[in-house]
Amino acid sequence: MPRRLWTRTLGFAAPSNFLKSGLSRKIFFGIDIDKLIISWYNQLMLIDRTILTPIKKVLSGEPKIIVIYGPRQAGKTTLLAEITKSEKRKVRSFRGDDLLTQDLFSVPRLDYLENTVGDAQVIVIDEAQKIDNIGQSLKLLYDSRPRVILATGSSSFHLANKL
């Protein structure tokens with residue numbers, strides 16, 4: 001990764017000053033500074049989310065549709081990843097900003113939807129607000145066979161009008 005992009009991704013300037021000084025990137029007993037800082041950053045940025053436990057508790061019960069609203073960059077996608085990595089049931093994930101996903105879920109036809117999700121017991125849709133008719137499609141899927149459906153959206157007003 002180029003140095004400028006690397007420092008912008010991490011969001012702080014200290015490594016960039018170090019790297020601009022011309023010093024070798026491997027100077028501390030053979031430890032790669034890039035890997036050390038990225039590892040530190042990832043550990044620091046994984047926030048223990050209080051909502052994770054209640055959502056997992058709800059998921060362990062009977063099937064439901066759960067919609068998670070929040071502002072941009074609040075960690076909704078990270079929360080979904082944490083939920084799905086510990087899930088024992090078959091999970092099928094979709095991204096609402098993917099054009100194919102938008103095409104598949106914007107037409108509320110049960111045969112298309114069932115073919116799309118297959119035998120998944122947990123369906124995850126990130127950025128659901130970008131999909132037309134998403135509310136009808138999710139209701140149709142749930143009514144045909146109750147299953148866990150998780151949907152996220154950053155534009156709560158827009159998503160609330162669609163669900």
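What counts, and where the lines are drawn
Residues numbered from 1 in each chain as written. Predicted model: local features only at pLDDT ≥ 70, side-chain atom pairs only at ≥ 80, totals over all residues. Heavy atoms only, no water. Axes fitted to C-alpha atoms, helices over the stretch in contact; angles between N-to-C directions. Helix = DSSP H or I, 4+ residues; strand = E, 2+ residues; numbered from the N terminus. Parallel < 35°, antiparallel > 145°, perpendicular 65-115°, else oblique. Left-handed = near helix turned anticlockwise from the far one by under 90°. Contact = heavy atoms within 4.5 Å. Nonpolar A, V, L, I, M, F, W, Y, C, P; charged D, E, K, R; others polar. Pairing = 2+ DSSP bridges. Buried < 20%, exposed > 50% of the residue type's maximum accessible area, 1.4 Å probe, protein only. Right-handed = clockwise from strand over helix to strand, strands pointing away.

Remarks on the packing of helix α4 (residues 52-60) against helix α5 (residues 76-85)
So, step 1. Where α4 contacts α5, the two axes come as close as 11 Å, and the packing angle between them is 45°. With respect to each other, α4 and α5 are oriented oblique. Between α4 and α5 the crossing geometry is right-handed. Note on element contacts: α5 touches α4 through Leu79, Glu82 and Ile83, opposite Leu52, Ile55, Lys56 and Leu59.
So, step 2. Across the contact of α4 with α5, the residue classes tally to five nonpolar, no polar and two charged.

Thoughts on the sheet that holds strand β2 (residues 91-95)
So, step 1. Taken in spatial order, the four strands line up as β1-β4-β3-β2 in an open sheet, and their pairing is parallel. For this open sheet the edge positions go to β1 (65-69) and β2, each flanked by a neighbour on one side alone. Strand-to-strand, the axes of this sheet are offset by a mean angle of 15°, without reference to chain direction.
So, step 2. Alignment of β2 against strand β3 (residues 122-126), held across five bridges, turns out to be parallel. Within the sheet, the bridge partner assigned to valine 91 lies in β3 and is valine 122.
So, step 3. Docked against the sheet, α5 engages β1, β2, β3 and β4 (148-153), running at close to 160° with respect to β4.

Section: the environment of alanine 74
So, step 1. Mapped onto the fold, alanine 74 is located in the loop between β1 and α5.
So, step 2. C-alpha separation for the pair alanine 74 and serine 154, spaced 80 residues apart in sequence, amounts to 8.7 Å.

So, the pairing of β4
So, step 1. In terms of burial, β4 is largely enclosed, as six of its six residues are buried.
So, step 2. Judged by which residues are buried, β4 turns out to be covered on both faces: Val148, Leu150 and Thr152 on one side and Ile149, Ala151 and Gly153 on the other are all buried.
So, step 3. As paired elements, β1 and β4 share five bridges and run parallel to each other. Each residue of the ladder has a partner; that of isoleucine 68, found in β4, is threonine 152.
So, step 4. Sheet analysis places β3 next to β4, joined by four bridges and oriented parallel. Pairing of isoleucine 125 across the sheet is with alanine 151, part of β4.
So, step 5. This β-α-β element, β3 to helix α8 (residues 134-144) to β4, shows right-handed connectivity.

Shape descriptors only; they carry no functional weight alone.
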